[in-house]
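Fold and contact review
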Amino acid sequence: RNGKILVIETKGDDRDNSDSLRKIRLGKKWASGAGNNFKYMIIFDNQGVRGAFRRDEAISKISQM
């Protein structure tokens, strides 16, 4: 409704690996280049990887957008 476009990748807690770190960096770079209306998030169920969000954090963040 507010014009923002979110690209969200969900992952189970068993999927945290170095590939996730690369995807977070790439997603942030894409969102930065695409403009203020574009956001990228990787969301884990409970545990996180630096730069990713836990499910509860993501819900809160998205509701504030």
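One can find the structure itself at the top, above this paragraph.
Just so you know, the residues in each chain are numbered from 1, in the order the chain's sequence is written. For a predicted model such as this one, the threshold for reporting local features is a pLDDT of at least 70, and the threshold for listing and counting side-chain atom pairs is 80 or more; totals across whole chains, interfaces and linings nevertheless cover every residue. For the side-chain quantities, the full set of heavy atoms in the structure was used; hydrogens and water were omitted.

Here the focus is the overall build of the protein chain. Going along the chain from the N terminus, every DSSP run of H or I of four or more residues is numbered as a helix, and every run of E of two or more is numbered as a strand. The secondary structure content of the protein chain amounts to two helices and three strands. Of the regular secondary structure in the protein chain, the N- to C-terminal order runs β-α-β-β-α. Here the protein chain has a C-alpha radius of gyration of 12 Å; the compact-globule value for 65 residues is 11 Å, and the two agree. Overall, the protein chain is about 35 × 25 × 15 Å in size when its C-alpha atoms are taken along their principal axes. By the burial criterion, 20% of the 65 residues in the protein chain qualify as buried. Looking at the protein chain alone, contacts between residues at least 24 apart form 53% of all its contacts between residues at least 6 apart. Only the protein chains shown count as cover for residues, and the accessible areas themselves come from Shrake-Rupley with a 1.4 Å probe. Roughly 4700 Å² of accessible area belongs to the protein chain as shown, and the carbon and sulfur atoms make up 48% of that amount. We count Lys and Arg on the positive side and Asp and Glu on the negative side, and we leave His and both chain ends out. Where a charge lies is defined by one atom per residue type, namely NZ (Lys), CZ (Arg), CG (Asp) and CD (Glu). The distance from the centre of the 14 positive side-chain charges to the centre of the 8 negative ones in the protein chain is 9 Å. We take the radius of gyration over the C-alpha atoms and set the globule estimate at 2.2 Å times the residue count to the 0.38 power. Burial status follows relative accessibility: with a 1.4 Å probe on protein chains alone, a residue under 20% of its type maximum counts as buried, one over 50% as exposed, and anything between as partly exposed. Should any heavy atoms of two residues lie within 4.5 Å, those residues are counted as being in contact.

Residues with no salt bridge and a relative accessible area higher than 30% make up the patches, which join like charges within 9 Å and nonpolar side chains (Val, Leu, Ile, Met, Phe, Trp, Tyr) within 5 Å. Whenever Lys or Arg places a side-chain nitrogen within 4 Å of a carboxyl oxygen from Asp or Glu, that contact is recorded as a salt bridge. Taken together, Ile 5, Val 7 and Trp 30 make up a surface patch of nonpolar side chains, about 250 Å² in accessible area. Checked against the element boundaries, Trp 30 lands in helix H1 (residues 18-34).

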